[in-house]
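A structural walkthrough
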Amino acid sequence: MSEIPAKATESTDPLDGARTEAADDAVAHVRPGEPPSGDAMWQSSPPGSIYDYIKVASFSIGPDGLVEQWSLRAEQLFGIPAQHAVGMDPIEAFIDPDLRAQGQRKMAEILDGREWTGVVPFRVPPSAADGECGREGLAEVYVMPTRTEEGEKAAVCIVVDVRTLRSIETDLAASQAIFGQSPFGFVLIDPDLRVRRVNYRFASLFGGSPDDHRGKGVHDYLPRPEAERVTATLRRVLETGDSITDMHVTGFLPGSDERRHWSINLYRVRSGSGRPIGIAWLGTDITARRAAAREAAAARRNLALLNEAGARIGNSLDLETTARELLDVVVPGFCDLATVDLYQGLLAGDETPPGLADGSAELRRVAFASAVSDAPFIGSGDPVSVGAVHHYPFNSPCADALRTARPQYIPAEEGGLVQSTLAVPMVAHDTVVGLAQFARTKGSEPFGDRDRDLAVELAARAAVCIDNARLYRREHERALILQRSLLPPGDPVASGLDIACRYLPGNSSADRPSEVGGDWFDVIELPGHRTALVVGDVMGRGLRAAVAMGELRSAVRTLALLDLEPAEVLSALDEIARGLGAPGGVQQATRAARRPREADLLEVYLATCVYAVYDSVTRRCTFANAGHLPPVLVEPGEDALMLDVPPGMPLGVGGEPFEEVEVELPEGALLALYTDGLVESRDHPLDEGLQAFVGALTDPSAPLEDVCDHVLNTLDTHHGEDDIALLMARVQGLPADSVGDWTLPREPRSVGKAREYARGRLLSWGLEPLVDTTELLVSELVTNALRYGEGDIRLRLLLDRTLVCEVWDSGLVQPRRRRARDTDEGGRGLQLVGLLSAAWGSRRTPRGKTVWFELPLPDGQNGMVDPAEALLSLF
């Protein structure tokens, strides 16, 4: 029994470790396919051999059938130390009682010199170590007959744990199934970073059989930069044992130029003893997933771009600003270069024809943006600067895009900066308003179909906003034209007043472009060298406010010519304003006012207005206010002050009377009427603006035009939030020597006295050509006052730019002009007054009435009417 030692013990030979290291080196230098050398074959097995995985034990049986020798591995397998096992009957100790008879027969055959191999169930006896007693197992036993030194028959038994073998077989089968049938590429790399084994999936991708890849390196499969990166990662995994998950690798398959993407997982493989023996590489082709991810990312980017476009485009109602907002969105997120061209007629305010454009009209470049250069497109013809007017050749892609309203790809020219360009028509409501070009430079990804659809959507959104801006500009210009047409033309002229005015419409410099407002002012000449000053503001904006302002201004002029008192004028305007919001006008509004308030709610037009009547003879001014800001008066040598005029209710509210305030204005005083746009803005409250306005009126003696400019430059009038109307008047009363005033008794001879007074005053004024006409007309008016009037008669002559004659009496009956028949002896006096005078009329006074006529001064420009010819024309 010299082949097997009596008892396995640990080696105490100090050279045993050296022999083990030498064996490791010898085995490490064995190349695949080469037989090992003699020295290496007889070295000790290195850790990680097959015996580390399977449980193999040996023991010997003496001639008496008892255990004679018990190895260390037998102790590990059965859990029985050698001192207990030696001398045991293996049949009695390990075999189940039911099988012992059969076991004894086999033992006799073995001791008789026969070999035997079989699978034997066993059970650990009570003498085993703790935890092992009673454990059942299954062992494959190989019994080899042998002889002792004395020549007696004995046996050596090799025992293998069958269950461990079955587990290893199952693991191997599972490993083979995973390795061979896996849909993923599987590679086993040895410590030298060479391929030890690949599965069929990997071999099918890179060609050949699995054995053909044995011994290859990473550089045989990947491009050099990628191979170096992967090699460094493999070394790190082998050294540190840290696994790598989802590492992306890019390369090419043999015979294909298509770039492929893989996701690889790397982990270190160890032997049963824990020694690293290589790296496992599990790879998955993610090319389709990467493409889908790129598509999803592009879709998300496009959606984000559309969301950004919706938030940023169209915040302004200015065409050029909207075009720049489009380019701010697309550069550089969508393209590197971009331009916007709009039809010149569109920018000029012309109506664009419906349908598709023919591409031949002139365009103006309104916006350009670049992420790489400030120069226009390279290779697309002559450069076009922003603001320049140009047109595209008829056969060019840009003209074709304008003509067909479909996007066109523009091929890039060699040597240019641009590699891909999209010409996209800007279509709004089936009308092409311009062209947007998007370009990408060399090195960027060319435009695809998805990019084309996105560009069309972006251009369409911008086109709708530009069309809205065009419609707004058209309405704004029309409303502004309407509003300016309703304002006094030129510089207003009034008797006894020096007039200066300013009107500033709301502009587009604010955050939101303002519409035209309802501010207005007017200077109306009244009989008797009196003047009506009006400033008003219709609440609201746009064409509606401008039209309402026009109606109210026309009504004010009509009421002023009726020579009504200021409070009466505002009362009538109040009813007219309420009628503007009623379908049936003023009458319908009056009827609706009689019904309960909850019966019907009519649209209300509200307006504020201040109405003042100035008499140049007395220098007295009567004010009435309908919810407007107070007038400001600056007397010579005094500080400016706001007049205390009761504000009243705005026009259109109704239900409240208006009060009048009469103020005597000193010579040289300055009167200012204005709207709230002058003194109120988003950043400046009303009180602060009023104080600033009053403080700006420091020098009333300066020229009025300079005073207006000083006020506008001092105050914040550039906010653009509201219209600004400013009316300033300096008082210049009628001199005393330009007035003739007489009181006549109610008697017939007063007619002659009146003629004498008129003749004498006209001769003193040097108006001899007007003497005869004036005497005739004065005689007619005084005679009518004697016949139809009451009380004393007052005659007044006023000389300014014209000659005005007034006859006053206490009667309330107004004269009425009628056409006399041929057989009538009278009734032609007022007809004669109408023929010989430039104008005539009558008005009520607090104590009766006044009948007046007006004659132009003989300056050589206005021809005088011959009284004789006028008399003959009556018959």
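Keep in mind the model is a prediction, meaning the values are calculated, not measured.

Across its full length, the protein chain holds 23 helices and 31 strands. Out of the 875 residues belonging to the protein chain, those deemed buried represent 45%. Here the analysis covers contacts within the protein chain between residues at least 6 apart in sequence; of these, 62% occur between residues at least 24 apart. Surface exposure of the protein chain reaches about 44500 Å², of which carbon and sulfur atoms provide 51%.

A word on the sheet that holds strand 24 (residues 660-664). Taken in spatial order, the five strands make up an open sheet running 18-19-20-21-24, and their pairing is antiparallel. Two strands lie at the open edges of the sheet, namely strand 18 (517-526) and strand 24, each paired on one side alone. The sheet shows a mean angle of 15 degrees between the axes of neighbouring strands, direction not considered. The pairing of strand 18 with strand 19 (residues 530-541) spans 10 bridges and is antiparallel. For Gly518, the partnering residue across the bridge sits in strand 19 and is Val538. Those strands touched by helix 16 (residues 566-580) are strand 20 (607-615), strand 21 (620-626) and strand 24, and its axis lies near 25 degrees from that of strand 21.

This next bit is on the side chain of His213. For His213, the location among the structural elements is in the loop between helix 8 (200-206) and helix 9 (224-240). In this structure His213 comes out as buried when scored by relative accessible area, which is 1%. Reaching out from His213, the side chain makes a polar contact with the side chain of Tyr221 at a distance of 2.8 Å. Setting aside residues up to four positions removed in sequence, His213 forms contacts with Val195, Val198, Phe202, Ala203, Phe206, Gly207 and Tyr221.

Our focus in this paragraph is unusual backbone geometry. Omega for the peptide link from Val331 to Pro332 comes to 0 degrees, which places this bond in the cis form. As for its position among the elements, Pro332 is in the loop between helix 11 (319-330) and strand 11 (337-343). Positive phi, normally seen in glycine, also occurs at Leu193, with a value near 60 degrees. Within the fold, Leu193 resides in the loop between strand 6 (185-189) and strand 7 (195-198). Judged by its relative accessible area of 13%, Leu193 falls in the buried class. The phi dihedral of Arg619 falls on the positive side, at around 55 degrees, and the residue is not glycine. Relative to the helices and strands, Arg619 resides in the loop between strand 20 and strand 21.

A separate point is the pairing of strand 30 (residues 839-845). A regular strand places its side chains so that they alternate between the two faces of the sheet. Pairing analysis gives seven bridges linking strand 30 to strand 31 (residues 848-856), with the strands arranged antiparallel. When the bridges of strand 31 are listed, Trp840 appears paired with Phe853. Where strand 30 folds back on strand 31, the antiparallel hairpin that results is connected by two residues.

Moving on to the sheet that holds strand 8 (residues 244-252). What the five strands build is an open sheet, ordered 7-6-10-9-8; its pairing is antiparallel. The sheet is open, and its two edges are formed by strand 7 and strand 8, each paired on a single side. Averaged over all pairs of adjacent strands, the angle between strand axes in this sheet comes to 30 degrees, irrespective of strand direction. This element, helix 10 (residues 287-312), spans strand 8, strand 9 (259-270) and strand 10 (276-285) of the sheet and lies at about 125 degrees to strand 9.

As enumerated under the stated definition, the model contains 13 aromatic pairs in all. Geometrically, the ring pair formed by Phe206 and Tyr221 is edge-to-face, given 5.2 Å between the ring centres and 80 degrees between the ring planes. One end of the pair, Phe206, is in helix 8; the other, Tyr221, is in the loop between helix 8 and helix 9, and 15 residues separate them in sequence. Look at Phe206 and you get buried, because its relative accessible area is 15%. By relative accessible area, which is 11% here, Tyr221 ends up buried. An aromatic cluster is present here, built from Phe59, Trp70, Phe78, Phe94 and Phe122 joined pairwise through their rings. Sitting over the ring of Phe334, Arg440 keeps its end group 5.2 Å from the ring centre. Across the ring face of Trp808, the terminal group of Arg794 is positioned such that the distance to the ring centre comes to 4.5 Å.

What follows concerns the pattern of salt bridges. All told, the structure shown has 37 salt bridges when counted by the stated rule. Arg461 is the salt-bridge partner of Glu457, the closest N and O atoms lying 3.1 Å from each other. A residue pair is termed a helical-turn pair when its members lie 3 or 4 positions apart in one helix, as Glu457 and Arg461 do in helix 14 (residues 449-486) at four residues. Given a relative accessible area of 32%, Arg461 falls into the partly exposed group. The salt bridge partner of Arg470 is Asp467, with a shortest N-O separation of 2.8 Å.

Empty space within the second largest pocket amounts to approximately 780 Å³. Around the second largest pocket, the lining is made up of 30 residues, and of these Asp615, Trp808, Arg843, Thr845 and Pro846 lie nearest the centre. Of all elements in the fold, only strand 20, strand 21, strand 28 (793-799), strand 29 (802-809), strand 30 and strand 31 reach the threshold of two or more residues within the lining of the second largest pocket. Element by element, the count of residues in the lining of the second largest pocket is highest for strand 20, at four residues. Looking at side-chain class alone, the lining of the second largest pocket contains 10 nonpolar, six polar and 14 charged residues.

Once that is clear, we can look at the nonpolar core. Grouped together as the largest cluster of nonpolar side chains are 57 residues, with contacts concentrated most on Trp520, Leu533, Leu573, Tyr611 and Leu727. Element by element, the count of residues in this core is highest for helix 15 (residues 543-561), at eight residues. Grouped together as the second largest cluster of nonpolar side chains are 49 residues, Leu319, Ala399, Leu435 and Phe438 included.

Moving on, we get to helix 22 (residues 829-836). By the criterion of burial, helix 22 is predominantly enclosed, with six of the eight residues buried. Those residues of helix 22 not exposed but buried are Gly829, Leu830, Gln831, Leu832, Val833 and Leu836.

For Thr802, the position within the fold is in strand 29. Within the local environment of Thr802, its side chain forms a polar contact with the side chain of Glu854, the two groups lying 2.7 Å apart. If sequence neighbours within four positions are ignored, Thr802 has contacts with His529, Glu854, Leu855 and Leu857.

Next up on the list: a negative patch on the surface. Together, Asp64, Glu68, Glu149, Glu150 and Glu152 make up a region of like negative charge exposed at the surface. Along the chain, Asp64 turns up in the loop between strand 1 (56-61) and strand 2 (67-70).

Turning next to the pairing of strand 4 (residues 136-147). Here eight bridges tie strand 3 (residues 116-123) to strand 4, and the two strands are oriented antiparallel to one another. The residue bridging Trp116 from the neighbouring strand is Val143, located in strand 4. The pairing of strand 4 with strand 5 (residues 153-161) spans nine bridges and is antiparallel. Bridge assignment links Val143 to a residue of strand 5, and that residue is Cys157. Count of turn residues in the strand 4/strand 5 antiparallel hairpin: five residues, of which Gly151 carries a positive phi of about 90 degrees.

Right, let's get into helix 6 (residues 100-111). The periodicity of an α-helix, 3.6 residues per turn, causes residues three or four positions apart to be oriented the same way. Taking 1.5 Å per residue, 12 residues should reach 16 Å; helix 6 reaches 16 Å between its end C-alpha atoms and fits that length. Along helix 6, the residues that are buried comprise Gly103, Met107, Ile110 and Leu111. With its buried residues spanning 90 degrees around the axis, helix 6 presents them on a single face. Packed against the buried residues of helix 6 are strand 1, helix 5 (90-94), strand 3, strand 4 and strand 5. Just past helix 6, the residue Gly113 takes up positive phi, approximately 100 degrees.

What counts, and at which threshold
- Residues numbered from 1 in each chain as written.
- Predicted model: local features only at pLDDT ≥ 70, side-chain atom pairs only at ≥ 80, totals over all residues.
- Heavy atoms only, no water.
- Helix = DSSP H or I, 4+ residues; strand = E, 2+ residues; numbered from the N terminus.
- Buried < 20%, exposed > 50% of the residue type's maximum accessible area, 1.4 Å probe, protein only.
- Contact = heavy atoms within 4.5 Å.
- Areas by Shrake-Rupley, 256 points an atom, 1.4 Å probe, with all protein chains shown as cover.
- Pairing = 2+ DSSP bridges.
- Axes fitted to C-alpha atoms, helices over the stretch in contact; angles between N-to-C directions.
- Polar contact = N/O pair within 3.5 Å; in protein donor to acceptor, adjacent residues only side chain to side chain.
- Phe/Tyr/Trp six-rings, centres within 6.5 Å; stacked < 30°, edge-to-face > 60°.
- Lys NZ or Arg CZ within 6 Å of the ring centre and 35° of its normal.
- Salt bridge = Lys/Arg side-chain N within 4 Å of Asp/Glu carboxyl O.
- 1 Å grid on protein atoms, 1.4 Å probe; cavity = no way out; pocket = protein on both sides within 12 Å on 5 of 7 lines; lining within 4 Å.
- Points joined across faces, edges and corners; volume = space filled by probe spheres on them.
- Nonpolar A, V, L, I, M, F, W, Y, C, P; charged D, E, K, R; others polar.
- Core = buried A, V, L, I, M, F, W, Y, C linked by side-chain atoms within 4.5 Å.
- Patch = residues over 30% accessible without salt bridge, like charges linked within 9 Å, V, L, I, M, F, W, Y side chains within 5 Å.
- Lys, Arg positive; Asp, Glu negative; His and termini not counted.
- Charge placed at Lys NZ, Arg CZ, Asp CG, Glu CD.
- Expected span 1.5 Å × (residues − 1).
- Arc of directions from axis to C-beta.

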